[in-house]
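Structure at a glance
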Amino acid sequence: MPTFHTIKWVDPGLVSMIDQRVLPHQVVYNEYRDPAAVAQAIKDMVVRGAPAIGAAAAFGLALVPVHDTSDKMETVLADLKQASEILRQARPTAVNLSWAIDRILALVEERNFKSVAQLRDVVLGEAQKIALEDVEINYSLGSHAQSLILDGAVIFHHCNTGALAAVDYGTALGAIRIAHEKGKKIFVYLDETRPRLQGARLSAWELLQYGVPFKVVADGASGHYMRTEKIDLCIVGTDRVAANGDVANKIGTYNLAVVAHENKVPFYVAVPKSTIDMAAPSGDVIEIEERPAHEVTHVGNLQITPDNTPVGNPAFDITPAKYVTAFITEDGIVYPPYQENLAKLFQ
Ligand code: MRU
């Protein structure tokens, strides 16, 4: 259905990514042949969204054995390690980044490669597998969500969690897209999602292509709509879920969850298992990325604050588990108590 790709491998050795900084007005694909350039693209948010960042890191690593000028195994392995460190540091909050890197490194460590060509095939094969699995997992997660998205549902959504945030489908917006594909008459309120406007720019662009009816609203409007209209549910994605069910997601998610709770609107978090970090006991240990001030002081190239205005720009917040009605995963829906029930997903 979508006419675009978020990220794909192009033989013999390029990573192609749609430049999400210039959407929706320009559709531009950038090609990368260097893992450090992929890391920079993640930092600059050419590619963003937890699953997409994981796939980008995996393909970024695959570039190493493809383009390495050395045919010595030790050199290529050292280069792979170095690239993994550069990629790992690109953004701190989404756990999919280190999840994808660790998955590839673990595979490399457990094998004894006969040649660099064999190493290249294994690393690229695993990156392709991560990308393919992402689409399957998101579709499965979106299918499980259907028992919660009834015909006629009016839904609140935050940020962009669709195909642009993944390899395809995405999580929360993927569930919304599947509901529409199944013929359900739904309506979606899209938070614009200041400061980078992922809702207004990216989710709106996606829903227009799928033909899902929606309107974009200012972030601060959710309370008004929940108090005055019949909103059936909120559904959001996440960058990391802690073992106790605390949720790191795009800044403003916490506000939305509290307002939903106050108005008795169910608040669902769509999460592939790769985004659940059982090593994080609670949201308190999750690093929240602080982004550059110009994202707040400027809209596009237009400065909206006085010169030298002090700015805070946390890219994410933590929503305490008590505000989450349920998690929607590829294995099914998880209800409280989360400490116990999230752990069961990994048994
Ligand atoms: O800063 P971004 O645009 O990368 O933040 C994206 C989000 O917060 C998404 O909700 C999250 O990554 C889940 S995407 C399926």
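The structure this text deals with has already been given above.
Residues numbered from 1 in each chain as written. Predicted model: local features only at pLDDT ≥ 70, side-chain atom pairs only at ≥ 80, totals over all residues. Heavy atoms only, no water.

This part covers the state of the cysteines. The tally for this structure, following the rule as stated, stands at 0 disulfides. Left unpaired, cysteine 234 is separated from the closest cysteine sulfur, that of cysteine 159, by 14 Å. Look at cysteine 234 and you get buried, because its relative accessible area is 0%. (Disulfide = S-S within 2.5 Å. Buried < 20%, exposed > 50% of the residue type's maximum accessible area, 1.4 Å probe, protein only.)

Quick look at helix 6 (residues 172-181) now. The element helix 6 is largely enclosed, with a buried count of 8 among its 10 residues. Along helix 6, the positions that sit buried rather than exposed are Ala172, Leu173, Gly174, Ala175, Ile176, Arg177, Ile178 and Ala179. Those residues of helix 6 hidden inside the fold are in contact with helix 5 (116-144), strand 4 (154-157), strand 5 (187-191), helix 7 (198-210), strand 7 (233-236) and strand 10 (267-270). (Helix = DSSP H or I, 4+ residues; strand = E, 2+ residues; numbered from the N terminus. Contact = heavy atoms within 4.5 Å.)

Our focus in this paragraph is the environment of alanine 50. Locating alanine 50 in the fold gives a position in helix 2 (residues 50-67). For the pair formed by alanine 50 and threonine 93, sequence separation is 43 residues and the distance between their alpha carbons is 8.7 Å.

In this section: the sheet that holds strand 16 (residues 332-334). Read across the open sheet, the 7 strands follow the order 6-5-4-7-10-15-16; overall the sheet is mixed. Each edge of the open sheet is held by one strand with a lone partner, namely strand 6 (214-217) and strand 16. Neighbouring strand axes in the sheet, compared pairwise and without regard to direction, differ in orientation by 25° on average. Pairing analysis gives 3 bridges linking strand 10 to strand 15 (residues 326-329), with the strands arranged parallel. Its bridge partner lying in strand 15, alanine 270 is registered against isoleucine 328. In the packing of helix 5 onto the sheet, contacts are made with strand 10, strand 15 and strand 16, and the angle to strand 15 comes to roughly 135°. (Pairing = 2+ DSSP bridges. Axes fitted to C-alpha atoms, helices over the stretch in contact; angles between N-to-C directions.)

Glancing now at the site of the ligand. Near the ligand there are 17 residues, and of these Arg48, Ala50, Arg91, Asn249 and Lys250 occur at the shortest range. Between the ligand and alanine 50, the relevant distance is 2.8 Å, taken from an oxygen atom to a main-chain nitrogen or oxygen of the residue. For the ligand, whose unbound accessible area comes to 420 Å², protein coverage reaches 100%. Contributing elements (two or more residues each) for the shell around the ligand: helix 2 and strand 9 (247-250). Among the residues forming the shell around the ligand, the class breakdown is 6 nonpolar, 7 polar and 4 charged. The two domains that each donate at least three residues to the shell around the ligand are domain 1 (7-140) and domain 2 (144-344). (Near = heavy atom within 4 Å. Polar contact = N/O pair within 3.5 Å; in protein donor to acceptor, adjacent residues only side chain to side chain. Areas by Shrake-Rupley, 256 points an atom, 1.4 Å probe, with all protein chains shown as cover. Nonpolar A, V, L, I, M, F, W, Y, C, P; charged D, E, K, R; others polar. Domains from an automatic or database assignment.)

Bringing the nonpolar core into the picture now. Among the nonpolar cores identified, the biggest contains 45 residues, and Ile7, Val15, Met17, Val38, Ile42 and Ile104 are the most heavily contacted of them. Listing elements by their share of this core, those giving two or more residues are strand 1 (7-10), strand 2 (14-18), helix 1 (35-44), helix 2, helix 3 (73-88), helix 4 (95-110) and helix 5. The element best represented in this core is helix 2, accounting for 12 residues. Those residues in contact with valine 38 that lie beyond four places of it in its chain are Met17, Tyr32, Ala56, Gly60, Leu63 and Leu87. In this structure, Ala145, Ala153, Leu173 and Ile235 belong to the second largest nonpolar core, which totals 31 residues. (Core = buried A, V, L, I, M, F, W, Y, C linked by side-chain atoms within 4.5 Å.)

Turning to the packing of aromatic side chains, a few remarks are in order. Tallied over the entire structure, the rule returns 8 aromatic pairs. Seen from their ring centres, phenylalanine 4 and tryptophan 205 are 4.8 Å apart, and the 40° between their planes marks the pair as tilted. Taken together, the residues span a long stretch of sequence, with phenylalanine 4 in the segment before strand 1 and tryptophan 205 in helix 7 at a distance of 201 residues. According to the relative accessible area criterion, phenylalanine 4 is buried, its value standing at 10%. Since its relative accessible area comes to 14%, tryptophan 205 is described here as buried. Ring centres of phenylalanine 327 and tyrosine 338 lie 4.7 Å apart, and the angle between their planes is 75°; this geometry places the pair in the edge-to-face category. Separated by 11 residues along the polypeptide, phenylalanine 327 in strand 15 and tyrosine 338 in helix 11 (residues 338-345) bring together distant segments of the chain. (Phe/Tyr/Trp six-rings, centres within 6.5 Å; stacked < 30°, edge-to-face > 60°.)

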